[in-house]
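Spelled out, the chains give:
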Amino acid sequence: MDSSLLQVWHAASGSPFVPTVGKDSQFLVGFVLVVLGFLLTGTFALNRTIINLPVLGIPASLALAIGVVYMFCGVGVYKKERAESRRTTTPISPPLFRAVASSTRPLYQLLKSISFTNKLHVEITESGLRFAADHARVMQGVAHWNKNLFTSYTTNFPSPPPARDGSNSDSDDADEESPTPTFQISLPAFLETLQIFGAADAAARQAKADVDPYRSNLRNYRPDAFSHQTLGMSGTCSLSYEEEGGHFSIVLEEAGVKTTCNLTTYLPEAPEDIPFDIEDLSFKIITQARWLLDALAEIAPTSPEKLTIVASRKEPYLRLTSAGGSLGSSSVDFAKGRDLLETFSVKERWIQTFKFDVIKSATEAMRIASKVSLRGDRQGVLSMQFMVEVEGTGLSFLDFRFVPYAEHEDDDDEDENDERGEGGGDRDENGMFD
Amino acid sequence: MRFKTDLKNIRTFSKLTAALNSLEKIAWVRLDDDTVRFTVIPDTGSQVWASLSVDLIFDNYHLQSAEANNTINLELPLGPLQRALKSAANSNHANLRLTKRDGIPMLSMTIHTITKEAAGGGGRSSTYDPDDPFAAETSDIFQQESLELTMKREREKVITQDIPVRVLHPDTVETIMQPKVREPDVHIQLPPLLQLKAISDRFTKLALTAAASASAGRSGGAANANPKLELSANMHGSLRLRLVTDTLDITSVWDGLDNPELDPSQLAVPLDEHPSTRFRLAGADKWATVRVDGKDWSRVLSVGRLEGRVIACFSDDHALILYVYVPHYDDASGEDCVTYYVSSYSS
């Protein structure tokens, strides 16, 4: 169906047409009028005078004309009306959320960077979509799809029905009083679906590369002047969430194919964030995400188990040390702090140890981001915030939070210089993450 | 028994071989005076019967045998054939003949390639080139001139590729029959196969990820290693690909495809009684559905590289037959068709 027609349909649902004569009585009224018309015509034919013309003749013709119309309505449209009325008994409410994008690439990239779990926690807000992934409660990644990534973005949240929604989304959004739809979906399925968009185009390009060996050698990766993207026939990707508990559906339309994917939604299970005390920061460092990626790439080959992060006021300012690998350990210093670190403020020496694999799950984010802000609070929670520049639509942010290994021996203070970086300045609050 | 031919349309032949090779390593090849037939019957999965006119891929075709129509049946490994065709792809001239080497029958492909390469430096060329076996002969007769030194010299390279084959006795192949399928319910022209393949492959991956996440949750539940895709078509130009798992329900629909007209003279039943007429009259909501194995289907779709017209015939809940018409570049005549028999899995 044409989408504009559909919109007219939805718009019209607010003001339904009510006939002056009810649908059920139309047949009766029409029949009576027609019979009356015939009777009057007969009487008029028997006694045709000038006086009888307005008294009998004109009412007769009127009664016939109107009666016939009502007969049509009553008989001909009767069946259809039945079906129609059945359909309109369930009121068409606008979907809770609907968004249309012309490209899924930035969406995919942002989501890919938090693809370390199977289940994705989705929250729909007025300003965009918030995706949270959680790994064993020690790591959390949050990606935002800002509404300006979409060409159209509409939400239709039911105004304030707190009694009904209170039971569903219990304590997840404590900071907001108006409930926003939250649910969980399968992350790998979502990512694969987004990749269907453009798959046909890529296949066509591959086919062309087969034919033309010159292209396959040199410019396979370059944008093609004849791809659908460039020709402006790129198609659309629309996301919608009809009603609470319903499917999260993705409709991809492209090059003659229409793909509809309904993802089963699950009830959110562990929605609360890892507590990170932004008021009580121990350090804050902003640097290029690329350098952090390089540092991790340097450490990764020894396949370590743990990664210790040290932030200190003196050299080596920021140090990443691996431990527990079978091939020994290595460490990377960001010693030339002035060149490498954009912002550097350390309130106190901060040493924490994390599981290396957990930190490594953030490498995809480091790859696509331009800058990263590393922050640690006094409890030892590490926050990495990545700034991703999305072409044409401004900035997006990815948030990661990591919970460190709990330290049991609590002997050192942050001022003491401990070159091994063990047992740093953390407090007993760490026990809460056991 | 004699078989000798020159090859032409090597690229097409090579693509066909690659498509067949993805399904099964060994093919039965039947050569006779008019047609070349390639048949691939894997243990599980889809069968292929490719029937090509001799003119499509062969030139100067000589065939002789004791059978009627000079039929020769060969069992041919497709991998070596594909490799041989690959090295022949940029050749000037290649031929194929049946020979015997050390008592083993061989298909021997001789590939002539002219390579152009720059001649050596001026100083070297004026003397004999010890590596060049022809240098001694030629330079005696023709004194080389200096101008030729900067010219590019053409060299002919001859490669012979031997493919071991087995000659099959006519009795052994008599039992292999082309599958009989009832009249199709729906016939439809498929969208470009590469597009269909790209999307089908994504579906298969989706099914695998869904199965993986489900089995991870159940810890050791038998993961569905062979996901089944549901493929449907109607007589009103729509093709639908569908996958339903626990986590999602995904459907791709192609609209506006062509349902070719049937030729009444070719049909066993009158057109009015043909199942497709019933499906056409039943409206756009009447779908003929088959369930195909995702991986097998992907292999079948690799024939899309031939870029031919593809008609799919759906027998509801039973089988799917693809007719791939091999495009001719020189003349439009000929009925070269690769037929795929894909059986449907029960749900």
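Basis of the calculations
- Residues numbered from 1 in each chain as written.
- Chains lettered and ligands numbered in written order.
- Predicted model: local features only at pLDDT ≥ 70, side-chain atom pairs only at ≥ 80, totals over all residues.
- Heavy atoms only, no water.
- Helix = DSSP H or I, 4+ residues; strand = E, 2+ residues; numbered from the N terminus.
- Contact = heavy atoms within 4.5 Å.
- Areas by Shrake-Rupley, 256 points an atom, 1.4 Å probe, with all protein chains shown as cover.
- UniProt positions renumbered as here; feature names shortened; annotations may be inferred.
- Pairing = 2+ DSSP bridges.
- Axes fitted to C-alpha atoms, helices over the stretch in contact; angles between N-to-C directions.
- Polar contact = N/O pair within 3.5 Å; in protein donor to acceptor, adjacent residues only side chain to side chain.
- Salt bridge = Lys/Arg side-chain N within 4 Å of Asp/Glu carboxyl O.
- Buried < 20%, exposed > 50% of the residue type's maximum accessible area, 1.4 Å probe, protein only.
- Phe/Tyr/Trp six-rings, centres within 6.5 Å; stacked < 30°, edge-to-face > 60°.
- Buried area = accessible area lost by both parts, 1.4 Å probe.
- pLDDT = per-residue confidence, 0-100.
- Expected span 1.5 Å × (residues − 1).
- Arc of directions from axis to C-beta.
- Parallel < 35°, antiparallel > 145°, perpendicular 65-115°, else oblique.
- Left-handed = near helix turned anticlockwise from the far one by under 90°.
- Nonpolar A, V, L, I, M, F, W, Y, C, P; charged D, E, K, R; others polar.

J.: Could you clarify how one ought to interpret the overall build of chain B in this entry?
T.: Assigned secondary structure in chain B consists of 10 helices and 18 strands. Here the contacts in chain B between residues at least 6 apart in sequence split such that 69% fall between residues at least 24 apart. Roughly 17,800 Å² of accessible area belongs to chain B as shown, and the carbon and sulfur atoms make up 49% of that amount.

J.: Just checking my understanding: could you explain the UniProt feature "transmembrane region" (unreviewed entry) in chain A for this structure?
T.: Per the UniProt record, "transmembrane region" (unreviewed entry) is found at residues 27-46 and 58-78 of chain A. Between the C-alpha atoms that bound residues 27-46 of chain A there is a distance of 29 Å. The span itself is 100% helix and 0% strand.

J.: Whenever I open this one, the sheet that holds strand E15 (residues 350-355) of chain A confuses me. Can you help?
T.: Within a beta sheet, neighbouring strands are joined by backbone hydrogen bonds and run either parallel or antiparallel to one another. Residues and elements named next belong to chain A. Taken together, four strands build an open sheet; the order of strands is E13-E12-E11-E15 and the sheet is antiparallel. Of all strands in the sheet, those bounded by a partner on one side alone are strand E13 (331-333) and E15. Across the sheet, the mean angle separating the axes of adjacent strands is 15 degrees when strand polarity is ignored. Summarising the sheet, strand E11 (residues 306-311) and strand E12 (residues 318-323) pair through six bridges and their orientation is antiparallel.

J.: Please clarify how the side chain of A:Thr117 should be interpreted in this entry.
T.: Residue and element names in this part refer to chain A. Looking at the element boundaries, Thr-117 is found in the loop between helix H5 (105-112) and strand E2 (119-125). In terms of polar contacts, Thr-117 uses its side chain to reach the backbone carbonyl oxygen of Lys-119, at 3.2 Å. If sequence neighbours within four positions are ignored, Thr-117 has contacts with Ala-133, Asp-134, His-135, Leu-187 and Pro-188.

J.: Any chance you could explain the pattern of salt bridges here in plain terms?
T.: Close approach of charged atoms allows side chains of opposite charge to pair. The tally for this structure, following the rule as stated, stands at 18 salt bridges over all chains. A:Asp333 serves as the salt-bridge partner of A:Arg319, at 2.7 Å between the closest nitrogen and oxygen. With a gap of 14 residues between them, A:Arg319 in strand E12 and A:Asp333 in strand E13 connect regions that are remote in the sequence. Residue A:Arg319 is classed as partly exposed on the basis of its relative accessible area, which comes to 26%. Under the relative-accessibility criterion, A:Asp333 is labelled partly exposed at 34%. Residues B:Arg166 and B:Glu75 are paired through a salt bridge, measuring 3.0 Å at the closest nitrogen-oxygen approach. Taken as a pair, B:Arg166 in strand E10 (residues 166-167) and B:Glu75 in strand E6 (residues 72-77) lie far apart in primary sequence, 91 residues in all. Classification of B:Arg166 as partly exposed rests on a relative accessible area of 48%. Each of the salt bridges in this network shares a partner with another, and the network as a whole consists of A:Glu123, A:Arg130 and A:Asp273.

J.: Would you take a moment to explain the packing of aromatic side chains for this structure?
T.: Here the distance between the centres and the angle between the planes together describe a pair of aromatic rings. Residue and element names in this part refer to chain A. All chains considered together, the criterion is met by 24 aromatic pairs over all chains. Between the aromatic rings of Phe-116 and Phe-400, the centroid separation amounts to 6.3 Å while the plane-to-plane angle is 40 degrees, which identifies the pairing as tilted. In this pair, Phe-116 is assigned in the loop between H5 and E2 and Phe-400 in strand E18 (residues 394-402), connecting sequence segments 284 residues apart. Of the two residues, Phe-116 and Phe-400, both sit in the buried class. Aromatic pair Phe-190 and Phe-248: ring centres 5.7 Å apart, planes at 85 degrees, arrangement edge-to-face. Taken together, the positions of Phe-190 in helix H7 (residues 187-196) and Phe-248 in strand E8 (residues 248-254) put the pair 58 residues apart, joining distant regions of the chain.

J.: Would you take a moment to explain the interface of chain A and chain B for this structure?
T.: Frequently, the measure chosen for interface size is the accessible area removed from exposure when the parts meet. Taken together, the contact between chain A and chain B spans 25 residues of the former and 22 residues of the latter. Of all residues in chain A, the largest losses of buried area upon contact with chain B belong to A:Glu192, A:Ile196 and A:Val257, amounting jointly to 25% of the total for that side. Summed over the shared surface of chain A and chain B, the number is two salt bridges. A salt bridge links B:Lys205 to A:Glu192; the shortest N-O distance between them is 3.8 Å. On inspection of chain A and its partner chain B, the count reaches seven residue pairs in polar contact (both at pLDDT 80 or more). Of all the elements in the fold, those that place two or more residues in the side of chain A that touches chain B are H7, helix H8 (199-211) and strand E9 (257-263) of chain A.

J.: Explain the environment of B:Met106 to me, please; I cannot follow it from the model alone.
T.: Residues and elements named next belong to chain B. Within the secondary structure, Met-106 is located in strand E8 (residues 104-118). Residue Met-106 is classed as buried on the basis of its relative accessible area of 13%. Taking the C-alpha atoms as reference points, Met-106 and Val-167, separated by 61 residues in sequence, lie 9.5 Å from one another.

J.: Can you help me understand the confidence of the model for chain B in this one?
T.: Reading predicted coordinates in detail is not appropriate for stretches of low pLDDT. With 83% of its residues at a pLDDT of 70 or more, chain B has an overall mean of 83. Taken together, the stretch residues 219-223 of chain B has pLDDT below 50 and engages in three contacts with residues farther than four places along the chain or on a different chain.

J.: Quick question: what am I supposed to make of helix H2 (residues 26-46) of chain A here?
T.: Side chains that are three or four residues apart share a direction in an α-helix, a result of its 3.6 residues per turn. Residue and element names in this part refer to chain A. Between its first and last C-alpha atoms H2 spans 31 Å; for 21 residues at 1.5 Å apiece the expected length is 30 Å, and the two agree. Along H2, the residues classified as buried are Gln-26, Gly-30, Val-34, Gly-37, Leu-40 and Phe-44. Viewed end-on, H2 has its buried residues packed into an arc of 135 degrees, placing them on one side of the element. Exposed side of H2, more than 90 degrees from the buried face: Leu-28, Phe-38, Leu-39 and Leu-46 are the residues found there.

J.: Teacher, can you tell me more about the confidence of the model for chain A here?
T.: For chain A, per-residue confidence averages 76 on the pLDDT scale, and 72% of positions sit at 70 or higher. In the predicted structure, residues 215-220 of chain A sits below a pLDDT of 50 and forms nine contacts with residues beyond four places in sequence or in another chain.

J.: Would you explain the pairing of strand E6 (residues 182-186) of chain A in this entry?
T.: Where a strand is regular, its side chains alternate between the two sheet faces. Residue and element names in this part refer to chain A. A large share of E6 lies buried, amounting to five of its five residues. Both faces of E6 are covered, namely the face carrying Thr-182, Gln-184 and Ser-186 and the face carrying Phe-183 and Ile-185. In this structure, E2 lies alongside E6, joined through five bridges in antiparallel fashion. Residue pairing across strands places Leu-120 opposite Ile-185, the latter belonging to E6.

J.: How do you make sense of unusual backbone geometry when you look at a structure like this?
T.: Peptide bonds are trans in most cases, and residues, glycine excluded, mostly fall at negative phi. All names here are of chain A. The backbone of Arg-137 sits at a positive phi, close to 60 degrees, despite the residue not being glycine. Along the polypeptide, Arg-137 turns up in the loop between strand E3 (128-135) and strand E4 (139-146). What makes Arg-137 partly exposed here is its relative accessible area of 33%.

J.: Sorry, what's going on with H7(A) here?
T.: Residue and element names in this part refer to chain A. The buried count for H7 comes to nine of 10 residues, which makes it a mostly enclosed element. Within H7 the residues assigned to the buried category are Leu-187, Pro-188, Ala-189, Phe-190, Leu-191, Glu-192, Thr-193, Leu-194 and Ile-196. A side-chain oxygen of the first residue of H7 lies 3.5 Å from the backbone nitrogen of Ala-189; this N-cap is Ser-186. Backbone geometry just after H7 places Gly-198 at a positive phi near 95 degrees.

J.: Just to check I follow, could you spell out the sheet that holds strand E11 (residues 186-189) of chain B for this structure?
T.: All names here are of chain B. The sheet built from nine strands is open, its strands ordered E10-E6-E2-E3-E4-E18-E17-E16-E11 with antiparallel pairing. The open sheet is flanked by E10 and E11, the only strands paired with a single partner. Two elements, strand E4 (residues 47-53) and strand E18 (residues 337-343), share five bridges in a ladder whose sense is antiparallel. By the bridge assignment for E18, Ala-50 is matched with Val-338. Here helix H1 (residues 10-21) sits on the sheet in contact with strand E3 (35-40), E4 and E18, set at roughly 25 degrees to E3. Strand contacts of helix H3 (residues 78-88): strand E2 (26-31), E3 and E6, with the helix running at about 85 degrees to E6, the strand carrying the most contacts.

J.: Please clarify how the packing of H1(B) against H3(B) should be interpreted in this entry.
T.: The relative placement of two packed helices comes down to the angle between their axes together with the axis-to-axis distance. All names here are of chain B. Their axes nearest at 9 Å, the elements H1 and H3 cross at an angle of 155 degrees. Viewed along their axes, H1 and H3 adopt a mutual orientation that is roughly antiparallel. Relative to H3, the crossing made by H1 is left-handed. Within the contact between the two elements, H1 uses Ile-10, Phe-13, Ser-14, Thr-17, Ala-18, Leu-20 and Asn-21 and H3 uses Leu-78, Gly-79, Leu-81, Gln-82, Leu-85 and Ala-88. Counted by class, the contact of H1 with H3 contains eight nonpolar, five polar and no charged residues.

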